[in-house]
Amino acid sequence: ADKAAADKAAADKAAADKAAADKAAAPMSAIVEMAPGSGAPGCEATDECYIPADVTITIGGTVTWKNVDIAPHTVSSGTAADGPSGEFDSGLVMVEGAFSYEFDDAGTYDYFCMVHPWMQGTVIVE
């Protein structure tokens, strides 16, 4: 009986450890808002042009950007300094519009708005 109890305790602990690890893992999806007022310079001072500016998701996860501003924006991979990288590009996301992208490979993906280049963010895929 003691062995059965010990085996059950070990199995319960393994299940709890796995649940904790799964919970600690990056989520499969994230939502990023194109912040109100981000069409005018200033949001970059507090890193709040895209909210949140940095997100972490798992491989195969999706990020959805929602435009809650009063101006159209883009979500373009790359940086304002180096230009678009070509990994993804939303085109113009109109007011109240959205753009989603599924990330199939691990890595760090910088992105920016081609219309308002002070708007910058990062997606980390792990």
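What counts as what
- Residues numbered from 1 in each chain as written.
- Predicted model: local features only at pLDDT ≥ 70, side-chain atom pairs only at ≥ 80, totals over all residues.
- Heavy atoms only, no water.
- Helix = DSSP H or I, 4+ residues; strand = E, 2+ residues; numbered from the N terminus.
- Buried < 20%, exposed > 50% of the residue type's maximum accessible area, 1.4 Å probe, protein only.
- Polar contact = N/O pair within 3.5 Å; in protein donor to acceptor, adjacent residues only side chain to side chain.
- Contact = heavy atoms within 4.5 Å.
- Pairing = 2+ DSSP bridges.
- Phe/Tyr/Trp six-rings, centres within 6.5 Å; stacked < 30°, edge-to-face > 60°.
- Core = buried A, V, L, I, M, F, W, Y, C linked by side-chain atoms within 4.5 Å.

**What about the side chain of Thr74?**
Part 1: In this structure, Thr74 sits in the loop between strand S4 (61-67) and strand S5 (76-79).
Part 2: Thr74 sits in the buried class, given a relative accessible area of 6%.
Part 3: Of the polar contacts made by the side chain of Thr74, one reaches the backbone nitrogen of Met114; its length is 2.8 Å.
Part 4: Dropping the residues within four chain positions of it, Thr74 is found in contact with Tyr50, Asp89, Ser90, Gly91, Leu92, Phe112, Cys113, Met114 and Val115.

**Quick word on the sheet that holds strand S7 (residues 98-103)**
Part 1: Strand order in the open sheet made by the four strands is S2-S1-S4-S7, with mixed pairing throughout. Among the strands making up the open sheet, the edge pair consists of strand S2 (50-51) and S7.
Part 2: Where strand S1 (residues 29-34) lies against S2, two bridges are found, and the strand directions are antiparallel. Looking at the pairing, Met34 lines up with Tyr50 of S2.

**Quick notes on the packing of aromatic side chains**
Part 1: The final tally for this structure, using the stated rule, is eight aromatic pairs.
Part 2: When the ring of Trp65 is compared with that of Tyr111, the centres are 5.2 Å apart and the planes differ by 75°; the resulting orientation is edge-to-face. Highlighted residues: Trp65 in strand S4 and Tyr111 in strand S8 (residues 107-112), separated in sequence by 46 residues. Considered together, Trp65 and Tyr111 belong to a single accessibility category, that of buried residues.
Part 3: Their ring planes at 35° and their centres at 4.8 Å tell us that Phe88 and Tyr101 sit as a pair that is tilted. Within this pair, whereas Phe88 is found in strand S6 (residues 83-89), its partner Tyr101 is found in strand S7, the two being separated by 13 residues in sequence.
Part 4: Relative accessible area serves as the criterion here: at 4%, Phe88 is assigned to the buried category.
Part 5: Judged by its relative accessible area of 21%, Tyr101 is partly exposed.
Part 6: One aromatic cluster in this structure is built from Tyr50, Trp65, Phe88, Phe99, Tyr101, Phe103, Tyr109 and Tyr111.

**Concerning the nonpolar core**
Part 1: Ranked by internal contacts, the top residues of the largest apolar core, which has 21 residues, are Tyr50, Val63, Trp65, Phe103 and Val123.
Part 2: Elements with a minimum of two residues in this core: S1, strand S3 (54-57), S4, S7, S8 and strand S9 (120-125).
Part 3: The greatest single-element share of this core, amounting to three residues, is contributed by S1.
Part 4: With near-sequence residues (within four places) excluded, Trp65 lies in contact with Val32, Met34, Tyr50, Val75, Phe88, Gly97, Ala98, Phe99, Tyr101, Phe103, Tyr111 and Val123.

**A word on the environment of Ile70**
Part 1: Position of Ile70 relative to the elements: it lies in the loop between S4 and S5.
Part 2: Overall, Ile70 belongs to the exposed group, its relative accessible area being 79%.
Part 3: C-alpha of Ile70 to C-alpha of Glu96: the two residues are 26 residues apart in sequence and 8.4 Å apart in space.

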